[in-house]
Number of protein chains: 2
Amino acid sequence: MSDHPDPVLRLLWRYDDGAAPSTRRGRKQRLTVDDVVDAAVRIADRDGLPGLTMRLLATDLGLGAMSLYTYVPGRDELVVLMVDRVLGRRELPAMPDDLPGRMALIARVQYEICQEHPWLLEISGLRAWVGPGASDLYEWQLSGIEGVGLDDIEMDQTVALLAGFAGSVVRAQQRMRQDERTSGLTQAEWWAANADELGVVMAGREYPLAGRVGATTGEAYQAATDPAREMEFGLARIIDGLVAYIEGKRSATS
Amino acid sequence: MSDHPDPVLRLLWRYDDGAAPSTRRGRKQRLTVDDVVDAAVRIADRDGLPGLTMRLLATDLGLGAMSLYTYVPGRDELVVLMVDRVLGRRELPAMPDDLPGRMALIARVQYEICQEHPWLLEISGLRAWVGPGASDLYEWQLSGIEGVGLDDIEMDQTVALLAGFAGSVVRAQQRMRQDERTSGLTQAEWWAANADELGVVMAGREYPLAGRVGATTGEAYQAATDPAREMEFGLARIIDGLVAYIEGKRSATS
DNA sequence: TAACTTTTTCGTACGACGTACGGAATAGAT
DNA sequence: ATCTATTCCGTACGTCGTACGAAAAAGTTA
């Protein structure tokens, strides 16, 4: 039974059952699973997850649509493979010496991965399979906060906090980009163009704080060309809080 | 032109153009837009966003499928209305006196909204329209951190940080629930049942940290029946970091 | 009351999607 | 040369959002 693992697990780990490739009968596959997954990633990077259709992927690979199903059981499983692939493909930089720097790096790598593959944030309703890519990344993330005084559960929560925050930032940016794409206007331009319409439609409702803050951020984001800087405020606060917690724990036990 | 606002804006704010209802000719609508949106929310709460189909919603309302399009331009716009509806439907509690408590409350309300309407986290690729529900919520969130020494941009980022974190936590929980639903096993049960298969398939790869931390958290999450407690660690760190920043700013200017 | 106008209702249909099915093609084993 | 295992892929089914146009209903006007 351990010779017949879950087909998704087998695919994720590219486990080929130990069968000697010389004894494999029948027609040969023209491509590899990696070819299929890589092509799928390219399409999703360009067109988003809904733009990744089995037919498009197949023709992109020079195959008939149904031939894909000899490589992959279905679309959902393909997405699982894509996720693990992009998590594992990035080479993981060496951890710096200072703890805050290591925490920032964990967040920044997650940020860049999500940035390069925005469809990662569109996924939902899928199981969280454990593959080599996710495992390598998780191991690397943990190595950045190992031995600083956190217990295992706190380590897991810390990684989740840093990575989750990075995802949130990218999500916010994507929403902004989406707005600009569909409206053809920047954030500030849209508000300027629709200010009177909004006034009519809101019909007397007052939002003193939201109005003031919205106006200020609207102006600021118009000029902010470096999207990476949007992460700095939150990340700095999170790292401060984490470091303070760790130092508090240390001084309590010493 | 300000009499003909964007149809989505008009719907969001239920702006009926000031036309006297007595002069409206033609067959009468059997339902209201709110009826449609509420029914859609009920379905999405139960079946998720992919389970919300126009045909199902229509029969649920006793309408033909195409009759929905007299209430709403299309499915995407319906989802926009649903979002604003559930953001605005929650009554917003009074803010406590202490700043950390107000920050925690902002996160907790966001957490509960996401928890009650998990489909909120499945949405992507849609514009972020500004409606009364979102505006009310944003105004309330800002009121919790107004006058503490943050500038407008920092206030926006603080709210985003707290709300984004809450969303991340719910997302993680949903993924866990999804795993349990599709596998029929709890986290710990799955790892116990698949440990040997994983060993075979991983074929010599070593994950010392991930293995140790994964085992510990797996055990812990098996027993943790109160999902709300998963938020405490991260939220406490974030609030610590925010409060420290604000105090630092205060002492610098005084 | 009858004719007209406006709006809602909804049956039908189209194109796109994931993919089940079964036959044709191809390779190694016998 | 035959058998068997495997890949390839054309066809087709059910589901989705929704375009289109006819039928039904309600107010306005003659």
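Residues numbered from 1 in each chain as written. Chains lettered and ligands numbered in written order. Predicted model: local features only at pLDDT ≥ 70, side-chain atom pairs only at ≥ 80, totals over all residues. Heavy atoms only, no water.

K.L.:
What is the right way to read the interface of chain A and chain B from this model?
P.N.:
Accessible area lost on assembly of the parts is the figure often given for the size of an interface. Taken together, the contact between chain A and chain B spans 71 residues of the former and 71 residues of the latter. One can count 6 salt bridges joining chain A with chain B. Note that R212 of chain B and D152 of chain A form a salt bridge whose closest N and O atoms lie 2.9 Å from each other. Breaking the side of chain A that touches chain B down by element, the ones donating at least two residues are α1 (7-12), α6 (132-143), α7 (152-183), α8 (187-202), α9 (208-223) and α10 (232-253) of chain A. With 17 residues, the top contributor of residues to the side of chain A that touches chain B is α7 of chain A. (Contact = heavy atoms within 4.5 Å. Salt bridge = Lys/Arg side-chain N within 4 Å of Asp/Glu carboxyl O. Helix = DSSP H or I, 4+ residues; strand = E, 2+ residues; numbered from the N terminus.)

K.L.:
Help me out: how do you make sense of the domain arrangement of chain A in this one?
P.N.:
All names here are of chain A. Assigned domains of chain A: these are domain 1 (7-87) and domain 2 (90-253). Once you take the C-alpha centre of each, domain 1 and domain 2 turn out to be 31 Å apart. The contact between domain 1 and domain 2 buries some 1600 Å² in all, and 73% of this surface belongs to carbon and sulfur atoms. At the boundary of domain 1 with domain 2, the tally comes to 0 salt bridges. Counting across the domain 1 and domain 2 interface gives 5 residue pairs in polar contact (both at pLDDT 80 or more). Elements represented by at least two residues in the side of domain 1 that touches domain 2 include exactly α1, α2 (33-47) and α4 (75-89). With 8 residues, α4 is the largest single contributor of residues to the side of domain 1 that touches domain 2. Looking at the side of domain 1 that touches domain 2 residue by residue, the class counts come to 14 nonpolar, 1 polar and 3 charged. (Domains from an automatic or database assignment. Buried area = accessible area lost by both parts, 1.4 Å probe. Polar contact = N/O pair within 3.5 Å; in protein donor to acceptor, adjacent residues only side chain to side chain. Nonpolar A, V, L, I, M, F, W, Y, C, P; charged D, E, K, R; others polar.)

K.L.:
I keep staring at the protein's contact with DNA strand D and nothing clicks. Help me out?
P.N.:
Residues in close proximity to DNA strand D total 28 residues, the closest being M66 and S67 of chain A together with K28, R55 and R75 of chain B. The sugar-phosphate share of atoms of DNA strand D within 4 Å of the protein amounts to 61%. In this structure, a phosphate oxygen belonging to DNA strand D sits 3.0 Å away from a main-chain N or O atom of M54 of chain B. R75 of chain B is positioned such that a nitrogen or oxygen atom in its backbone is 2.9 Å from a phosphate oxygen of DNA strand D. Of the residues belonging to the surface near DNA strand D, the class tally is 7 nonpolar, 9 polar and 12 charged. (Near = heavy atom within 4 Å.)

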